[in-house]
Each structure stands twice: as structure tokens, then as C-alpha cells.
Amino acid sequence: MASHSDTLVVFFGATAGANGGKLGSDEREIILLVWQIVDLHEKKVGKIQQRLIKPDTLELTDQCKEETGLTVEELGKADHLDTVLQQFQQAVSAEVKALGRSSYTLCVDGPLLIRQALHPEASKKNLVLPECFYQFVDLKREFHRCCPNAGPSTDLCLPAVNEQLAGVREVKSMMMIIQHILAEPYNHKFSSLEPVKYKFESGACSKTEAVDSETVIRARGLPWQSSDQDIARFFKGLNIAKGGVALCLNAQGRRNGEALVRFINSEHRDMALERHKHHMGSRYIEVSLMTDCCFFLFSSGTSNEVAQFLSKENQVIIRMRGLPFTATQQDVIGFLGPDSPVTDGTEGLLFVKFPDGRPTGDAFVLFACEQYAQNALKKHKQILGKRYIELFRSTAAEVQQVLNRYMSTPLISTTRDCVRLRGLPYTAGIEDILEFMGEHTIDIKPHGVHMVLNQQGRPSGDAFIQMRSADRAFMVSQKCHKKMMKDRYVEVFQCSTEEMSFVLMGGTLNRSGLSPPPCKLPCLSPPTYAAFPSPAAMLSAEALYQPPLLATPRTPQPPTHSPAPALTYYSPQPQLYMNMNMNYTAYYPSPPVSPSTVGYFPPPPVLPQPGALVRMQGLPYNAGVKDILSFFQGFQVKD
């Protein structure tokens, strides 16, 4: 269609529910279309045409009945929307041709009929709209462009329209306004068209991109398998910015049913908010305001590798999850097979890795067309090596978000001076671990053995050990990995202090990355260890984390021999409170000085103890003083 036209089709519609400024806000179907043609050069007008439409649900609100004067009986005899649209196109094309014109443009009183009613309903009913519905003239905007100092168009001194037929009155009023601004002294030219995007354009966003802060919404309650195209279809009729759909992921890297959507301007954002609790399939979607900074947090990135991967436009993105850590690019391409050729071979494949280069088991793949992607999705849960692989549709924003998540996890520490023991016998104690470490015991930091307990307070089979250096930790992980303890082999992995602290405070560490502790309130910093005797060292960045429960240390005993100069000391902090939402049994590692470690590490000298205070929450209702004292057995409790 031409960018401008000599012929306008004045177009009006009504739904079975809300109309006027709330048109389309309640998902009710269109029941009426009225139109009239005007030749802008000859200033001739055609005959007014009216068509009733039979909705799938034959129900009318009281407001609709009052405003349109239509009845359910009348609509029951009408044609469905697809038939009426065909009639509209045929009738208008024939009339335009009779006028000697080749094209026409719709003219509406505001964008709601096209954007909020017609396009969403056609999308839900899988109707293909004619090309004429993808651009239109907004009469209100044209009027204010022609007469910038005038009030509302209804304030014009125009003759009153006495018309009873539904929709005819509105079309006649619009036609009078058009004729008014076409005449002297205005001689207005209708050249500004409002476009409706045919499809959503995927792409990558940059953190340096300038964005209007009033263009972003949050959609909540989405089916977990929804893609960016599904979300764009939900907002059909509104123009979403390129790459403007960001699917949100949870702590495990899985979709959480939420998405952030960025529109081209605030007007489209405001219309999107009117779709609050509209339906996607059988589910209603909550739509709310969101800021641009949140959008970029989920959708943008600065990695050159990702930018190059996403620079190929019009590609279908598939996410693969659960890949063997040893899988190569050729293994993945071979798994997908010849029916699903990857775009540009290995360049269309992006492995997700941790900052230190270790694979996460995730990858993203580009396909040139929908058919190749569909063939790839048929491989969902098929086996590669000894593992089944999950395949999902993905988006450019999800690629950025997954890469941001893994690259920003607390693995950024360059000092990996800890080891993690996994698969310990449940009966193993600290002395068993020290025996398991053998000659490497001398390289353990004082108080550096931490048992991880489960939510029932029992051993989980995991432990963390802090070594004196990253080299020592690496050596232990190499020499003790899969070494036997009692009747079980134990896995030993090198890790960082940050990873250890996350797990000891209730987080999880697995192939999906680090997940923070499920604490809802900010937690006070746990007490720290420091090198004795320098008080200034008590705030050292290398201090070890301890749980908030251990607010008061064990009573130090007089040394039996000369203490080591680098011995550490646990300094209590007065007025230390637990997080009120914390389930302490999930975050309770081993005490700072376990009784079984006395033979390995000499105790610190006696220093004045100012005391400390803890608050306990979640006690059994029948708990007494003896129960509380028993709980703190082994610690000094002030009388």
C-alpha cells in the first residue's frame, strides 16, 4: 500500500462490552462495523455501510445495549467476523475502483478499534487481516495537528447529527470533521500514517542504549513454555521495540512465568496496561508497570561473543540444557542431525560457561528457519552420551540473561582456596575428614572444616574445607578426589570462599550455578574470624563466615603449649540478631571449634569477653529453659 492515499475509509466499530475510551479493555468481541468512503481530491463521499457481527458468545452488557441499541436476536442472525471482513474488503475495493482510485487508508477516531479490538480478536481467532489494517490515520491526531490551538474536536461548531442507527451517528460526525479541515483556510493534507507491526523483531539490547523509562511493563502468569513470539501475539496490535521481550528466569535458570516487555513509546505501554488479566489460552495474564532499568537487567549484556552470536538476524533460537560437560560443538551438531542444520555451522552454536571456563551444560543454537527449529525440538529428551537433553524455544533476551547470570555469579573470585567434599558417609565426623585429608591436614586453616547439615540438622554428606592457599586446595582436589572413606568414595572439588559461604548460609551450588539462600529479609553480616592478636585484622576481607547462631564462642581453655603465632580467634559481636525468616537448621554448619578438633589446633589464649545476645524464633511452644540450655550445649551461656 502507498504511504499516503487519495481515499479515506472512515471506520467505526463497537464491541459487546466496553466502548469509547475503554474499547477492547474487557476482551469482548466486535459486534458492529460501520464505514464510509471519502475522496480527498474531489471531496466526494460514498454511501454509509453497516454490518452486524455475530460473536462467539452471544451476550451483551447493559452499557453496550444502551449505546448501540442492538439486541442479541439481531446479532444471532448476523455473519461472523471473518465473513464480514471479506465483505468489507470487497465492497471498499469495488467502490474505490469506481472512483478511479487505486488505494485507500482507514481513518479512525483514535487507535483503540484497530490496536485494542480488531488485531487482538483476529489473533485469537487465527484470522489473517487484510493489509489495509496495518496502517491507519488517527483523526484525533490529525485534527490537533491541523488545529493545534483548538480544543477537542467535539467542540467544533458543527451541525448536530440526529441519527438513531448504531455507529452511523459516529461515522457522520467524523466525516463532518474531515470535511471541515479539508476546506479553507486549513486545506489539511492527510499524510501521517500510524503503522501496526506485522511481526515481532527479535534482537539484542545494549546497556548503553537510550530508552524512555515509561515504555516497559511486566507480564506475569505466562505459561512456562511461552516464547517471545507468543508474548508478542498476546500484545498484537501494539508495537513492541526490537528485542523488547525479556523472559525472566528463576534462580535455577528456568523460566518463572514472567516477562518484561518494552514498547516503542508510552502510548503503546498505556494500551498494554489495559490488557491486564486478558487471557493467553486458559490463563489470565497480569500486566503491571515496570522500569527500563529492570528491563536491561534481564535483557542486556556487553559480551562481544554474545553480541556476535546474536548479530545474525531472522534466526530461530533453541536452548539446549543438560549437555554433558565434555560435549563438543561437533557432538551437538551430530546430535541435531542433518534435518536441523545449524546456521553457519559451529558459529551458530554458543556454549554457556562459568567465568573460569567450565561448561554449565547449557547451549544456544541458531536455525535459519522455523522448519529446522521444529526438527530440532523433536530431539527433546533424547540421549547424548549418557544424558537426556532438553530443548526449548528461546529468545535473544534469554541468551543475554543466562549469560549474565552465569558470568555474574560469585565465581568471580580469583582465589579458589577451598575444597568441597561430596558424598561423605553420614556417620563421618570432623576427625574422619582430617584422617581422610592425611598429609594435607597441615594446610587447613584453623577452624577451616565446615560440615553442611540438612534442614533436619543431620549431616548432608557435604563439607567445605578452607586451605591456606589456592595451590594447596588444587593439590587436595587432585590427590583426594574419589578417595575412599569407610565404604564410600568421596568427590573433592576446588572452590572459592564465596561459594562455600553461599552454601553454608543456605544457598545451593550445582551445575545451574549458585542460588542464594531463601531468606526474605536482609541478613546481618555474620561474625568474622581474624588473625590474633591484631584487632585491626578482625575486618579482614579473608575472614571466614560463621552462622548467626554462633554468637557466643566456646569457653577458651588455657593453652597446654605455646600457641602458634598465626592462630585465629573468633570475636563475638554484641547485639547480634538472627534473620527473623531464617530456618536455622538449614544454615547451621559445624561450630567454630569442634570438640574433635582440639587435638589438631591449639585453643586461643583467654581474652576478656564482652558477651553477646541472640534472639531465637520458632521455638516449640513447650520448650523450657533446660531445652534452650541443651540447645547451646558446648557454648558459654551467661547466667
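Now for a description of the structure that goes with this document. On a predicted model such as this, the values are computed, not experimentally measured, just so you know.

**Topic: the environment of E121**
Mapped onto the secondary structure, E121 falls in helix α4 (residues 112-124). Assessed through its relative accessible area of 8%, E121 is described here as buried. C-alpha of E121 to C-alpha of E27: the two residues are 94 residues apart in sequence and 8.0 Å apart in space. Filtering out sequence-adjacent residues up to four positions away, E121 remains in contact with E29, I30 and L81. At 2.9 Å, the side chain of E121 and the backbone nitrogen of I30 are in polar contact.

**Structural notes on the pairing of strand β15 (residues 359-367)**
For β15, a buried count of eight out of nine residues is recorded, marking the element as mostly surrounded by other parts of the structure. Where strand β13 (residues 316-321) and β15 come together, six bridges link them in antiparallel fashion. If you follow I317 over to β15, its bridge partner there is L366. Bridging between strand β14 (residues 349-353) and β15 involves four bridges; their strand directions are antiparallel. Bridge pairing in β15 places K353 opposite P359. Linking two consecutive strands that pair antiparallel, namely β14 and β15, is a turn of five residues; a positive phi of about 95° is found at G357 within it.

**A short note on the pairing of strand β12 (residues 283-290)**
Bridge analysis of strand β8 (residues 216-220) against β12 gives five bridges, and the strand direction is antiparallel. What sits directly across from I217, in β12, is L289. With three bridges joining them, strand β11 (residues 278-280) and β12 adopt antiparallel strand pairing. Bridging from a neighbouring strand, H278 pairs with I285 of β12. The antiparallel hairpin formed by β11 and β12 contains two residues in its connecting segment, where G281 sits at a positive phi of about 70°.

**Comments concerning the environment of M437**
Mapped onto the secondary structure, M437 falls in helix α14 (residues 430-437). Given the relative accessible area of 1%, M437 is considered buried. If sequence neighbours within four positions are ignored, M437 has contacts with I444, I465, M467 and V476.

**Some details on helix α3 (residues 81-98)**
Helical periodicity: at 3.6 residues per turn, an α-helix aligns residues three or four positions apart in one direction. Compared with an ideal rise of 1.5 Å per residue, which puts 18 residues at 26 Å, α3 spans 26 Å between its outermost C-alpha atoms and is within 8% of the ideal. Considered for burial, the residues of α3 that qualify are L81, V84, L85, F88, V92 and V96. Axial view of α3: buried residues confined to an arc of 100°, hence all on one face. Exposed positions of α3 whose direction lies more than 90 degrees from the buried face are Q90, K97 and A98. Each element contacted by the buried residues of α3 is listed here: β1 (7-15), β2 (30-39), β4 (49-52), β5 (105-108) and α4. Positive backbone phi, approximately 80°, marks G100, located one or two places after α3.

**A short note on unusual backbone geometry**
With omega at 0°, the peptide bond leading from E184 into P185 counts as cis. Backbone geometry at K277 places phi at a positive 70°, although glycine is not the residue there. Its location among the elements puts K277 in the loop between α8 (266-273) and β11. With relative accessibility at 44%, the residue K277 sits in the partly exposed group. The residue D344 is not glycine, and still its phi comes out positive at about 55°. Residue D344 is classed as partly exposed on the basis of its relative accessible area of 49%.

Definitions and cut-offs
Residues numbered from 1 in each chain as written. Predicted model: local features only at pLDDT ≥ 70, side-chain atom pairs only at ≥ 80, totals over all residues. Heavy atoms only, no water. Helix = DSSP H or I, 4+ residues; strand = E, 2+ residues; numbered from the N terminus. Buried < 20%, exposed > 50% of the residue type's maximum accessible area, 1.4 Å probe, protein only. Contact = heavy atoms within 4.5 Å. Polar contact = N/O pair within 3.5 Å; in protein donor to acceptor, adjacent residues only side chain to side chain. Pairing = 2+ DSSP bridges. Expected span 1.5 Å × (residues − 1). Arc of directions from axis to C-beta.

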